[in-house]
Structures are given as structure tokens and as C-alpha cells.
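Topology and contacts: notes
Chain residues, written in single-letter form:
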Amino acid sequence: MKIVRMVILSVVMSSAFYASADAVESIEPPKYKNLFTLKTDKQFVGAQVAIYNSQGELITSQSLQKRKMIIDFGEARTGTYTIKIEKGQQHQEFTYIKK
């Protein structure tokens, strides 16, 4: 089973993404095939980001080091993945479908 690579970029976001009070500010549609871009409010820096496959098995987990994270699903198998972000009592879930 191939591991999903997580690539963290140290990019400062513009204030245009402050649309809600949620900790996760935006999820961008992929500009490049197989990439999932996650942008968070700075209160979520240090949160745990975990990726699960459709069977609920943990694929990989990493601490969010910056406010933006790009998850590369290029080597992942076709299927549905759940991305969970947790810090304290706050949590968010997103679905990524690899075609």
C-alpha cells in the first residue's frame, strides 16, 4: 500500500479567506490533479491532520505546521478519502475522491 505524501508549504494567506468563524477558512478546488489544498485560520496551526481511506483505516497523520497544507494524492489508490483535522475540541472533516 502506498503512503499518501503530505507536503507543507509556508505560504502566508491573504485576508480574503476570512469568510467565516470556522477554523478552516477554505478548501480550494484542485488546480492540479490529485492535490488537495487546505487553508486554516492561525488558531488551527498545530492541529492533527489525519487521512483515512474508505474502510476507515488511517493512511497517514501529521501535525499542521503552517496555515496552508497541500496534500498530494498522486500515489494513492483510486477511492474516497476522509481528511480529519483536530485541535482540542475543534474538528473538521472533508472528503476527497481520487479518480
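As a reminder, the structure under discussion sits directly above these lines.
To keep things clear, this report deals only with the structure shown in the data block. It should be emphasised that the depicted structure is a prediction, and the values quoted were computed from it without experimental measurement.

Rules used in this analysis
- Residues numbered from 1 in each chain as written.
- Predicted model: local features only at pLDDT ≥ 70, side-chain atom pairs only at ≥ 80, totals over all residues.
- Heavy atoms only, no water.
- Pairing = 2+ DSSP bridges.
- Helix = DSSP H or I, 4+ residues; strand = E, 2+ residues; numbered from the N terminus.
- Axes fitted to C-alpha atoms, helices over the stretch in contact; angles between N-to-C directions.
- Salt bridge = Lys/Arg side-chain N within 4 Å of Asp/Glu carboxyl O.
- Buried < 20%, exposed > 50% of the residue type's maximum accessible area, 1.4 Å probe, protein only.
- Core = buried A, V, L, I, M, F, W, Y, C linked by side-chain atoms within 4.5 Å.
- Phe/Tyr/Trp six-rings, centres within 6.5 Å; stacked < 30°, edge-to-face > 60°.

**Section: the sheet that holds strand 4 (residues 48-52)**
Here we have 4 strands laid out as an open sheet, ordered 5-4-7-8, and antiparallel in their pairing. Each of the sheet's edge strands pairs with one partner strand only, and the pair in question is strand 5 (58-63) and strand 8 (90-98). Taking the axes of each pair of neighbouring strands and ignoring which way they run, one obtains an average angle of 15 degrees across the sheet. Note: strand 7 (residues 79-87) against strand 8, 9 bridges, orientation antiparallel.

**Overview of the environment of R67**
Summarising the element assignment, R67 is placed in the loop between strand 5 and strand 6 (68-72). On a C-alpha basis, the gap between R67 and L38 in space is 8.2 Å, while along the polypeptide they are 29 residues apart.

**What about the pattern of salt bridges?**
Applying the stated criterion across every chain, the model contains 1 salt bridge. The closest approach of N and O atoms between K84 and E93, which form a salt bridge, is 3.8 Å.

**A closer look at the environment of A76**
Secondary-structure assignment places A76 in the loop between strand 6 and strand 7. The class for A76 is buried, based on a relative accessible area of 9%. In this structure, the C-alpha to C-alpha distance between A76 and N34, residues 42 residues apart in sequence, is 8.8 Å.

**Focus on the nonpolar core**
Counting residues in hydrophobic clusters, the biggest one holds 17 residues, and the most contacted among them are F36, V49, I51, I71, F73, I83 and I85. Listing elements by their share of this core, those giving two or more residues are strand 3 (35-40), strand 4, strand 6, strand 7 and strand 8. Broken down by element, the residue count for this core peaks at 3 residues, all from strand 7.

**Here's the deal with the pairing of strand 4**
Two strands pair when backbone bridges link them, and strand 4 and strand 5 are joined in this way by 5 bridges, in the antiparallel orientation. Note on strand 5: the bridge partner recorded for A50 is S61. Hairpin connection of strand 4 to strand 5: 5 residues between the antiparallel strands, including G56 at a positive phi of 85 degrees. As paired elements, strand 4 and strand 7 share 5 bridges and run antiparallel to each other. Following the sheet pairing, V49 is matched in strand 7 by I85.

**Side note on the packing of aromatic side chains**
Any two aromatic rings considered together are summarised by their centre-to-centre distance and by the angle between their planes. In the structure shown here, the tally under the stated rule is 4 aromatic pairs. Judged by centre distance (6.0 Å) and plane angle (85 degrees), the ring pair of F36 and Y96 falls under edge-to-face. Highlighted residues: F36 in strand 3 and Y96 in strand 8, separated in sequence by 60 residues. By the burial criterion, F36 is buried, and Y96 matches it. Plain terms: the ring middles of F73 and Y96 are 4.2 Å apart, the flat faces sit at 15 degrees to each other, and that makes the pair stacked.

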